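Secondary and tertiary structure notes
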Amino acid sequence: MGIKIIGTGSYTPERVLTNLDLEKMVDTNDEWISTRTGIKERRIADENTATSDLASRACIEALKSANITAEDIDLIIVGTATADKAFPSTACLTQAKIGAKNAVCFDLSAACSGFLYSLEVAESMLAAKPQYKRALVIGAEKFSSLVNWKDRNTCILFGDGAGVVVIEKTDGETSSILASHMGSNGDHEKLLQVPGGGTALPITKENFDEGHQYVTMEGQEVFKKAVTAMVTSCKKVMEESGITADQIKWLIPHQANYRILKAVASRLKISEDNVFMNLDKFGNTSAASIGLAVDEMNKTGSVSEGDYVLLTAFGGGLTWGATLLRW
Ligand code: UT7
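Throughout this description, residue numbers start from 1 for each chain and increase along the sequence as written. Since the coordinates come from a predicted model, pLDDT governs what is reported: local features require at least 70, and pairs of side-chain atoms require 80 or more to be given and counted, while whole-chain, interface and lining totals use all residues. For side-chain calculations, the full set of non-hydrogen atoms in the structure is used, while hydrogens and water are omitted.

Whether a residue is near a molecule or strand depends on its heavy atoms: it is near if one of them lies within 4 Å of it. Near the ligand, the surroundings consist of 22 residues, among which Thr28, Arg36, Gln220, Asn257 and Asn284 are the closest. At 2.7 Å from a nitrogen atom of the ligand is found a side-chain nitrogen or oxygen belonging to Thr28. Any pair of nitrogen or oxygen atoms within 3.5 Å is treated as a polar contact; in protein, a donor-acceptor pairing is required on top of that, and neighbouring residues in sequence qualify only through side-chain atoms on both sides. Between the ligand and the protein, one listed contact pairs an oxygen atom with a side-chain N or O atom of Gln220 at 2.5 Å. Contributions of two or more residues to the shell around the ligand are made by helix H2 (30–37), helix H6 (152–155), helix H8 (219–241) and helix H9 (258–268). Each helix is a run of DSSP H or I of at least 4 residues and each strand a run of E of at least 2, with the numbering of both proceeding from the N terminus. Per-element tally for the shell around the ligand: the top contributor is H8, with four residues. Put simply, Ala, Val, Leu, Ile, Met, Phe, Trp, Tyr, Cys and Pro go in the nonpolar bin, Asp, Glu, Lys and Arg in the charged bin, and everything else, Gly too, in the polar bin. Residues belonging to the shell around the ligand are distributed by class as follows: 10 nonpolar, eight polar and four charged. Residue ranges assigned to the domains are those given by an automatic or database domain assignment. Split by domain, the shell around the ligand shows at least three residues from each of two domains, domain 1 (2–170) and domain 2 (177–326).

This is the structure in structure tokens:
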């Protein structure tokens, strides 16, 4: 049995928020944002758009690219930190919007690592049970809903979007997913979190006024831990599959900061020319970022059959991981 990626899709909202726009909102400037992060602009969803709207538009594109219908899907997993509601899951709401009436649906919470974790779970479920043949693996975020637009430390970083891959179980021996490694460490919850809005700190008027509904991050500490963790996971999957740095066509790291992406590539001895970056256009879209990049790589014809593509992510939790694909 093998697992193949048979389609990709993505969606980003139309509204573009540039660094120049942000200059008018907080004490920042294009030069600082560009040199410290590599981000030039990001997409922001309007108030009537929920995460499932972003996800379903991306799914419709992915189904078209796979040349199948929504009813052919047995499993929908949405990696997200910005669910539409506490419940039903964003996956169920996406299912209804696209008409995937035969699918089992659930969300997965692993912050910016949500897409890779979802891929890991979907692959395992397809491998384990005959009733799961095709899955939509989705990273979708309306991350702007968690951003304090008065906090220059965070509001310049994030954007909204959704990326999807369709995976299918095949009779063949070859698999698109060669190896994967995931990790978590709950000891560092406070480095990157949204403290309020759950059961630990419900949103009362007082907590709301304190701003506990917004994302907070200790940027430098997260930066260091992100580089170390992504490099460790990438090395593990490269070793396990016997693939060397010079064989990697694309390294697609979670699009958080171009300095992080370069540091990871350099430690893995992967040339910067082989690092896929689109954070200049979309910023950090959390769980959506890898799916967005994979779809862009696919749609622009930047990848050929048989190419090795190394995905790696890091996010709140802490969570991290790497997955090696043969396209
Ligand atoms: O998605 C999950 C994973 N997330 C990440 O991996 C993000 C990791 N962290 C980062 O990417 C970087 O740490 C940031 C981009 C968040 C920050 O960059 P930095 O180089 O670590 O800057 P810093 O936080 O050390 O701040 C340097 C200075 C400070 O001023 P002082 O104290 O040196 O006077 C900040 O107050 O830059 C100031 N600063 C800003 N200045 C202009 C912070 N934000 C801004 C801003 N515009 N937006």
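With respect to the helices and strands, the residue Ala245 is situated in the loop between H8 and strand S11 (248–253). Exposure remark for Ala245: the relative accessible area of 18% places this residue in the buried category. Between the alpha carbons of Ala245 and Asp74 there is a distance of 35 Å; along the sequence they are 171 residues apart. Two residues form a contact once any of their heavy atoms are found within 4.5 Å. The residues contacting Ala245, other than those within four sequence positions of it, are Met238, Leu268, Lys269 and Ile270. Only protein chains enter the area calculation, which uses a 1.4 Å probe; residues under 20% of their type maximum are buried, those over 50% are exposed, and those in between are partly exposed.

So, on to the side chain of Asn207. For Asn207, the location among the structural elements is in helix H7 (residues 205–210). Residue classification places Asn207 among the buried residues on the basis of a relative accessible area of 13%. Sequence-distant contacts of Asn207, that is, excluding residues within four places in its chain, are made with Leu201, Pro202, His212 and Gln213.

Sheet strands line up and pair through hydrogen bonds in the backbone, either parallel or antiparallel. DSSP calls a pair of strands paired once it identifies at least 2 bridges connecting them. The strand order across the open sheet formed by four strands is S8-S13-S12-S11, and the pairing between neighbours is mixed. Two strands close off the open sheet at either side, each with one partner strand: strand S8 (177–184) and S11. Taking the axes of each pair of neighbouring strands and ignoring which way they run, one obtains an average angle of 10 degrees across the sheet. Direction of pairing for strand S12 (residues 308–315) relative to strand S13 (residues 319–326): antiparallel, over a ladder of eight bridges. Its bridge partner lying in S13, Gly315 is registered against Thr319. Angular values range over 0 to 180 degrees, each being the angle between N-to-C directions of two axes fitted as lines to C-alpha atoms, with helices fitted over their stretch in contact. Its contacts with the sheet put H8 on S8, S11, S12 and S13, and the angle it makes with S12 is roughly 145 degrees.

The subject of this paragraph is the packing of aromatic side chains. A pair of Phe, Tyr and Trp rings is counted when the ring centres sit within 6.5 Å of each other, with Trp represented by its six-membered ring. The angle between the planes then sorts it: under 30 degrees is stacked, over 60 is edge-to-face, the rest tilted. As enumerated under the stated definition, the model contains three aromatic pairs in all. Look at Trp250 and Phe276: their rings are 5.2 Å apart centre to centre, the planes differ by 80 degrees, and that puts the pair in the edge-to-face class. Placement of Trp250 in strand S11 and of Phe276 in the loop between H9 and helix H10 (279–282) is noted, with a sequence separation of 26 residues between them. Trp250 sits in the buried class, given a relative accessible area of 14%. Seen in terms of ring centroids, Phe314 and Trp320 are 6.5 Å apart; in terms of plane orientation they differ by 20 degrees. Their pairing is stacked. Of the two residues examined, Phe314 and Trp320, each falls in the buried class.

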